[in-house]
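Examination of the molecular architecture
So you can see what is in the structure, the chains are spelled out below.
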Amino acid sequence: MFTKSTWIRLPRNVVVGHGVVDRTAEVVEDLHLQGRPLVVTSPTPWKLVGEAVEAQFAGSEVVVVEEATFESVERVIERVEAAEPGFLLGVGGGKAIDIAKMAADHVGLGFVSVPTAASHDGIVSGRGSVPEGDTRHSVAADPPLAVVADTEVLAEAPWELTTAGCADIISNYTAVMDWRLANRLKDVPYSEYAAALSEMTAEILVDNADSVRPGLEESSWVVTKALVSSGVAMSIAGSSRPASGAEHLFSHQLDRIAPNPALHGHQVGVGSILTAYLHGGDRGFWTDIRDALRSIDAPTTASELGIEPGTVVEALTTCHEIRDRYTILGDGMSEEAAWETARKTGVIE
Ligand SMILES: NC(=O)C1=CN([C@@H]2O[C@H](COP(=O)(O)OP(=O)(O)OC[C@H]3O[C@@H](n4cnc5c(N)ncnc54)[C@H](OP(=O)(O)O)[C@@H]3O)[C@@H](O)[C@H]2O)C=CC1
Ligand SMILES: O=C(CO)COP(=O)(O)O
Ligand SMILES: [Zn+2]
């Protein structure tokens, strides 16, 4: 008897382009949302687009969050209870958007994502990531009802946020390899469609690396489209598997143990060089990942991340423990193998 079922949750409107932040109210109207929004934002994004948002949603309540913590999520939930908005509007980078996403999910309201940085695929996905205890990885949450990504705003964000978004996409290659491995060895559910979309997204980004240059609005266009596509792949899969393998475990562990972690995308990029090496040995695949990262100015070494060699090795040897997600790291790497891998790939000198 056939018993399978799936429920794919996707944003209904994805609006990307020059000046589209001024069309946020129009996008909201198209969703037939009732009432006023509660705007969740953080200091810099609000300085940049606050005026444009307020012009369209006059008199709406605004919560400015400084940190991605559960206290911030709770603060937003309290404001929802007091102000009784019709929906939430997350305006900012990953921090503001995730807090809006998690709070909206908790109170059962819809939320609209207005990213000001193309820094990772969380700005469009049905995954929320707010550190809780030792946990750094994402959990399922309702995806945004709509995404309004203004390429003019995104292009003016610090360049490293855009290169971090690119590196998050390039890491899809190794994430899918880990997913296939886990499917073959551990019978982990696998979606051919989600895997193909995820790999194709990375491929298209790498093919268009020439258009990813500081000061070029086209860069934000290319990256945002890729982030949307990667978010869709995760929605099809019903998990972050298409975009998160051992390179993400490595980054989540760095977030826990490094004194000054780097941007999410930059860490997963370097993690992807390391795990590509483990998947492909000396056969060159890891050099393709490294060269793709270099072509878009993303870090490829521990020193470019600002992370000590010993911390890289500690993350590599322990990160398999942080989550029940089978990857090329299996039941863990020895310290010797981790040093060897990091040195051979040039991640550590
Ligand atoms: N849901 C998911 O799947 C994922 C979620 N995450 C989460 O996302 C967060 C990291 O995302 P990230 O975007 O890097 O972090 P932030 O939202 O903190 O943004 C990074 C920095 O850029 C600033 N900023 C944002 N937009 C602009 C702009 N247009 N111009 C100038 N500065 C700007 C922010 O200012 P300010 O300090 O004022 O906010 C902040 O200092 C973490 O909380 C992480 O856990 C990470 C990966 C995946
Ligand atoms: O960052 C993500 C995908 O790019 C989400 O992955 P995690 O589930 O590992 O947090
Ligand atoms: Zn990621």
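Residues numbered from 1 in each chain as written. Chains lettered and ligands numbered in written order. Predicted model: local features only at pLDDT ≥ 70, side-chain atom pairs only at ≥ 80, totals over all residues. Heavy atoms only, no water.

Some remarks on the sheet that holds strand S8 (residues 146–150)
Strand order in the open sheet made by the six strands is S1-S8-S5-S4-S2-S3, with parallel pairing throughout. Lying at the two open borders of the sheet, with one neighbouring strand each, are strand S1 (13–17) and strand S3 (61–64). Averaged over all pairs of adjacent strands, the angle between strand axes in this sheet comes to 15 degrees, irrespective of strand direction. By the bridge criterion, four bridges tie strand S2 (residues 37–41) to S3 in an arrangement that is parallel. Its bridge partner lying in S3, Val-39 is registered against Val-62. Those strands touched by helix H3 (residues 70–83) are S2, S3 and strand S4 (87–92), and its axis lies near 170 degrees from that of S3. Lying over the sheet, helix H4 (residues 94–107) contacts S2, S4 and strand S5 (111–115), oriented at roughly 165 degrees with respect to S4. (Pairing = 2+ DSSP bridges. Helix = DSSP H or I, 4+ residues; strand = E, 2+ residues; numbered from the N terminus. Axes fitted to C-alpha atoms, helices over the stretch in contact; angles between N-to-C directions. Contact = heavy atoms within 4.5 Å.)

Observations concerning the coordination of the zinc ion (ligand 3)
Taken together, the protein donors to the zinc ion (ligand 3) comprise Asp-168 (OD), His-248 (NE2) and His-264 (NE2), at separations of 2.1 to 2.2 Å. In the primary sequence, the donor residues of the zinc ion (ligand 3) line up as D-x79-H-x15-H. Taken together, the residues Asp-168 in helix H6 (residues 159–170) and His-248 in helix H10 (residues 246–257) connect sequence positions 80 residues apart. In terms of burial, Asp-168 and His-248 fall into one category: buried. (Donors = N, O, S within 2.8 Å, 3.2 Å for Na, K, Ca; no water. Buried < 20%, exposed > 50% of the residue type's maximum accessible area, 1.4 Å probe, protein only.)

Notes on the layout of surface pockets
Reported here for the largest pocket is a volume of approximately 1100 Å³. Every residue lining the largest pocket is counted, 44 residues in all, and those nearest its centre are Gly-94, Lys-95, Ser-119, His-120 and His-264. Secondary structure elements with two or more residues in the lining of the largest pocket: helix H2 (43–56), H4, strand S6 (127–128), helix H5 (151–156), H6, H10 and helix H11 (264–280). Partitioned by chemical class, the residues of the lining of the largest pocket number 17 nonpolar, 18 polar and nine charged. (1 Å grid on protein atoms, 1.4 Å probe; cavity = no way out; pocket = protein on both sides within 12 Å on 5 of 7 lines; lining within 4 Å. Points joined across faces, edges and corners; volume = space filled by probe spheres on them. Nonpolar A, V, L, I, M, F, W, Y, C, P; charged D, E, K, R; others polar.)

Some details on the packing of helix H14 (residues 309–318) against helix H15 (residues 335–344)
Across the interface, H14 lies against H15 with an axial gap of 9 Å and an inter-helix angle of 120 degrees. Classed by the angle they form, the pair H14 and H15 counts as oblique. Of the two possible hands of crossing, H14 and H15 adopt the one that is right-handed. Residue-level inspection shows Pro-309, Gly-310, Val-313, Leu-316 and Thr-317 of H14 in contact with H15, the latter providing Glu-335, Ala-338 and Trp-339. When the residues that make up the contact of H14 with H15 are grouped by side-chain class, the tally is five nonpolar, two polar and one charged. (Parallel < 35°, antiparallel > 145°, perpendicular 65-115°, else oblique. Left-handed = near helix turned anticlockwise from the far one by under 90°.)

As for the side chain of Arg-241
Tracing the chain through its elements places Arg-241 in the loop between helix H9 (217–237) and H10. Salt bridges are absent for the buried Arg-241, whose nearest opposite-charge side chain, Asp-178, sits at 6.0 Å. Separated by 2.9 Å, the side chain of Arg-241 and the backbone oxygen of Tyr-326 make a polar contact. Discounting chain neighbours no more than four positions away, the residues touching Arg-241 are Ala-175, Asp-178, Trp-179, Ala-182, Val-188, Arg-325, Tyr-326 and Thr-327. (Lys, Arg positive; Asp, Glu negative; His and termini not counted. Salt bridge = Lys/Arg side-chain N within 4 Å of Asp/Glu carboxyl O. Polar contact = N/O pair within 3.5 Å; in protein donor to acceptor, adjacent residues only side chain to side chain.)

What to know about the site of ligand 2
The full set of residues close to ligand 2 is Asp-121, His-137, Ser-138, Asp-168, Ser-240, Ala-243, Ser-244, His-248, His-252, His-264 and Arg-323. Here an oxygen atom of ligand 2 sits 2.5 Å away from a polar atom, N or O, in the side chain of Ser-138. Taking Asp-168, its side chain carries an N or O atom lying 3.2 Å from an oxygen atom of ligand 2. Look at ligand 2: alone it shows 300 Å² of surface, and the protein chains cover 95% of it. (Near = heavy atom within 4 Å. Areas by Shrake-Rupley, 256 points an atom, 1.4 Å probe, with all protein chains shown as cover.)

Things to note about the UniProt feature "binding site: glycerol" (unreviewed entry) in the protein
The feature "binding site: glycerol" (unreviewed entry), as given by UniProt, occupies Asp-121, Asp-168, His-248 and His-264 in the numbering adopted here. The greatest C-alpha distance among the residues just named is 12.6 Å, despite their covering 144 residues of sequence, which places them together in space. Put simply, the named residues that line the largest pocket are Asp-121, Asp-168, His-248 and His-264. By the element assignment, Asp-121 lies in the loop between S5 and S6. Beyond its immediate stretch of four places on either side in the chain, Asp-121 contacts Asp-168, Leu-227, Ser-230, Met-234 and Ala-243. With sequence-adjacent residues up to four places away left out, Asp-168 is seen in contact with His-120, Asp-121, His-248, His-264, Gly-265 and Val-268. (UniProt positions renumbered as here; feature names shortened; annotations may be inferred.)

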